[in-house]
Amino acid sequence: MKAAVLREIKAPLTIEELSLAAPGPDEVRVRVVSSGLCHSDYHSISGDFPVPMPAVLGHEAAGVVEAVGSDVTEFKKGDEVVTCVSQYCGHCRECLDGHNNVCGNKPTNRPAEQPARITNGSEVFTQYAGLGAFAEEMLIHRTGLTKIPEGMPLEKAGLLGCAVLTGVGAALNGAQVRPGSTVVVVGCGGVGLNVIQGAKLCGAARIIAVDVNERKFDLARVFGATDCVKGGPDAVAEVRELTGGGADYAFEVIGLTQTQEQALGMLRRLGTLMIVGMAPAGSQFKVPGVMMMALQLQIRGSLMGSVPFQIAIPEYAQLYLDGKLKLDEMISQNIRLEDINDGYAKMMAGDVARSVIVFDS
Ligand SMILES: [Zn+2]
Ligand SMILES: [Zn+2]
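Please read all numbers here as calculations on a predicted model, not as lab measurements.

Conventions used here
All residue numbers refer to position in the chain's written sequence, counted from 1. Chain labels run from A onward and ligand labels from 1 onward, assigned in the order the entries are written. Per-residue local features of the predicted model are confined to residues with pLDDT of at least 70, and side-chain atom pairs are confined, for both listing and counting, to 80 or more; whole-chain, interface and lining totals are unaffected and use all residues. Secondary structure elements are taken from DSSP: a helix is a run of H or I of four residues or more, a strand is a run of E of two residues or more, and numbering for both begins at the N terminus. To estimate the expected span of a helix, subtract one from its residue number and multiply by 1.5 Å. Residues are defined as contacting one another if the C-beta atoms placed from their backbone atoms lie within 7 Å. Buried Ala, Val, Leu, Ile, Met, Phe, Trp, Tyr and Cys residues whose C-beta atoms connect them within 7 Å together make up a nonpolar core. Three exposure classes are used, all based on how many other C-beta atoms lie within 10 Å of a residue's own C-beta (placed from the backbone): buried at 20 or more, exposed at 12 or fewer, and partly exposed between those limits. An automatic or database domain assignment provides the domain bounds reported here. At least two DSSP bridges between two strands are required for those strands to pair. Note on geometry: axes are C-alpha line fits, over the in-contact stretch for helices, and angles between N-to-C directions span 0 to 180 degrees. Should an angle lie under 35 degrees it is considered roughly parallel, over 145 roughly antiparallel, and from 65 to 115 roughly perpendicular; all remaining angles are considered oblique. Gly is placed with the polar residues, together with every amino acid not listed as nonpolar (Ala, Val, Leu, Ile, Met, Phe, Trp, Tyr, Cys and Pro) or charged (Asp, Glu, Lys and Arg). By convention, a crossover is right-handed whenever its connection, traced from the first strand over the helix to the second and viewed with the strands pointing away, goes clockwise.

Caption draft 1: Here's a closer look at helix H10 (residues 309-321). With 13 residues, H10 should cover 18 Å at 1.5 Å per step; its first-to-last C-alpha distance of 18 Å lies within 8% of that length. For H10, the secondary structure elements touched by its buried residues are strand S7 (80-83), strand S11 (145-147), helix H3 (154-157) and helix H4 (163-175). In the segment just after H10, Gly 323 is the residue with positive phi, at about 80°.

In structure tokens:
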């Protein structure tokens, strides 16, 4: 199979011919139809979140089941599926408590007694988050995928596996945004747009989009933003003025110390800061302790939509099919696997919301 490979940080991915092992008892082989370019993979390209190299990145895919392992009964050849990084063990406290998205015991790696999942004969390749979606095929643990409703177009469905799940889920399930409330979303990339539409689905009265790139505001409005504010040091004061004292919820969807601190400053009393963006490993942001106490603020994190993806993804797919969730508008361009480096260059320049690789069938 053809795959895009990371061999060196900050260097272009290379297109190589690799092989997948046969499915182990708990594994599923998926033919990839579409695969979105998410910012999280870029953290590994830039070296902010290093992965052992060579590696196959990518984690936002939709495809068709090609083969299943001997113990897999919940999927069969031909099933249309979306993949997710939230693989889980099923027996830890978090899994049992309905939060398998934060399982600390993920079965992402193959058991040591089995041969590696991805090789080229002489080298073994890291499989990003147990997935490796920048490839024509994936071999993944049975807990890393879910079926989607009939009629859901596979060229678009991959986005449900990360950007939509993470953004919409952070508003719906993480913050549980109250109808009539005021929401500010700092960062209007693929996930940020989905926080905006999640807040809208929740019935937020006012949704303020903040981004340094004003070219993103048109799309933010399409997804439900009622106001747009240019990011930067003045954004805090501007949001406080627009909202008459601060927002009920502030979502930080970039992963920068500076914007995390700014988002906290945009809250009104009793407000909630939701940390959704992926900050570089080891980064820290400052919290004024007395303000937390005196204003009764909350800070919460949200990972992969704060919910089991096996429930959320089919629901969000149905919302799309019912015309209640936007997906088409988010896809700026469909590209070939060979164009992946150009796709990332465009993302980093802020020119696209999402580029999606569509494979030939
Ligand atoms: Zn992602
Ligand atoms: Zn678990």
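Caption draft 2: Highlighting the nonpolar core. Formed by 112 residues in total, the largest nonpolar core has its most connected members in Leu 165, Val 185 and Ala 250. In terms of residue count, the dominant contributor to this core is H4 (eight residues). Of the residues that make up this core, three or more belong to each of domain 1 (2-147 + 327-358) and domain 2 (167-303). Beyond its immediate sequence surroundings of up to four residues, Ala 250 is in contact with Val 184, Val 186, Ala 263, Leu 264, Met 266, Leu 267, Gly 271 and Leu 273.

Caption draft 3: Region of the structure containing the sheet that holds strand S9 (residues 126-127). Spatial strand order, S2-S1-S5-S9: four strands in an open sheet with mixed pairing. With partners counted over all chains shown, the strands left at the sheet margins are strand S2 (14-17) and S9, one partner each.

Caption draft 4: Structural context of the domain arrangement of the chain. According to the domain assignment, the chain consists of domain 1 (2-147 + 327-358) and domain 2 (167-303). Put simply, the middle of domain 1 and the middle of domain 2, counted by C-alpha atoms, are 29 Å apart. Every contact between the two is made by 13 residues of domain 1 and, on the other side, 12 residues of domain 2. Ranked by residue count, the leading element in the side of domain 1 that touches domain 2 is helix H1 (residues 39-46), at three residues.

Caption draft 5: A look at the packing of H4 against H10. Contact geometry of H4 with H10 gives a least axis separation of 10 Å together with a crossing angle of 95°. In terms of orientation, H4 and H10 fall into the roughly perpendicular class. Touching Val 164, Leu 165, Val 168 and Gly 169 of H4 are Phe 309, Ala 312, Ile 313 and Tyr 316, all from H10. Taken together, the residues that form the contact of H4 with H10 break down as seven nonpolar, one polar and no charged.

Caption draft 6: Focus on the pairing of strand S14 (residues 227-230). As paired elements, strand S13 (residues 206-211) and S14 share four bridges and run parallel to each other. In the strand pairing of S14, Asp 211 is matched with Lys 230. The parallel pair S13 and S14 is bridged by helix H6 (residues 217-223), and the resulting crossover is right-handed.

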